[in-house]
Amino acid sequence: MDLRCFCLFGLYNTYFEYRYFHETNKCTNVFYVKLDYFRDFYKYKSRDEINQLSDEEQPVFIIVKIQNKFFERLHSHFEKIRISRNDILIKPIEY
């Protein structure tokens, strides 16, 4: 079977710390994930290596603030292109 899939890494709000940045004179929430965490499915070693890929092959970073709304939008999009809700699998993965 040739099925498309993508995985998202979820971060809980409690993972973030509120920090002040002198460069911007602003506070923001920050959290750092070490590259080693993604070694099983992230094979690129540098930003230059990623920039050499075509737009379709480059990894993407997205932020989802309201996950239920995001999942509903995914379902709606796939239903518009005639993919049944029953054929869409959205669930947490445990390693």
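Here is a short report on the structure shown in this document. (Residues numbered from 1 in each chain as written. Predicted model: local features only at pLDDT ≥ 70, side-chain atom pairs only at ≥ 80, totals over all residues. Heavy atoms only, no water.)

**Observations regarding the overall build of the chain**
Moving on, step 1. A tally of helices and strands in the chain yields two helices and two strands.
Moving on, step 2. Element order for the chain, N to C, with α for helix and β for strand: β-β-α-α.
Moving on, step 3. Within the chain, buried positions represent 9% of all 95 residues.
Moving on, step 4. Across the chain, every contact between residues at least 6 apart in sequence was considered, and the portion connecting residues at least 24 apart equals 15%. (Helix = DSSP H or I, 4+ residues; strand = E, 2+ residues; numbered from the N terminus. Buried < 20%, exposed > 50% of the residue type's maximum accessible area, 1.4 Å probe, protein only. Contact = heavy atoms within 4.5 Å.)

**So, the pairing of strand β2 (residues 26-30)**
Moving on, step 1. The pairing of strand β1 (residues 17-21) with β2 spans five bridges and is antiparallel. Counted as the bridge partner of Glu17 is Val30 from β2.
Moving on, step 2. Here β1 folds back onto β2 in antiparallel fashion, the turn holding four residues, of which Asn25 has a positive phi close to 55°. (Pairing = 2+ DSSP bridges.)

**Some remarks on helix α2 (residues 67-80)**
Moving on, step 1. In this model α2 runs 20 Å from its N-terminal to its C-terminal C-alpha over 14 residues, within 8% of the 20 Å that 1.5 Å per residue would give.
Moving on, step 2. Of all the residues in α2, the buried ones are Phe70, Leu74 and His75. All buried residues of α2 project into a common sector of 140° when viewed along the axis, lining one side. Seen from the buried face of α2, the exposed residues on the opposite side, beyond 90 degrees, are Asn68, Arg73 and Lys80.
Moving on, step 3. Residue Arg82 follows α2 closely and has a positive phi angle near 70°. (Expected span 1.5 Å × (residues − 1). Arc of directions from axis to C-beta.)

**With respect to the pattern of salt bridges**
Side chains that differ in sign of charge can pair as their charged atoms come close.
Moving on, step 1. All told, the structure shown has three salt bridges when counted by the stated rule.
Moving on, step 2. A salt bridge links Arg85 to Glu72, with the nearest nitrogen and oxygen atoms 2.7 Å apart. On the criterion of sequence distance, the pair formed by Arg85 in the segment after α2 and Glu72 in helix α2 is long-range, its members being 13 residues apart.
Moving on, step 3. The salt bridge involving Arg85 is made with Glu79; its shortest N-O contact spans 2.8 Å.
Moving on, step 4. Overall, the relative accessible area of 37% leaves Glu79 in the partly exposed class.
Moving on, step 5. In this structure, a network of salt bridges that share partners links the residues Glu72, Glu79 and Arg85. (Salt bridge = Lys/Arg side-chain N within 4 Å of Asp/Glu carboxyl O.)

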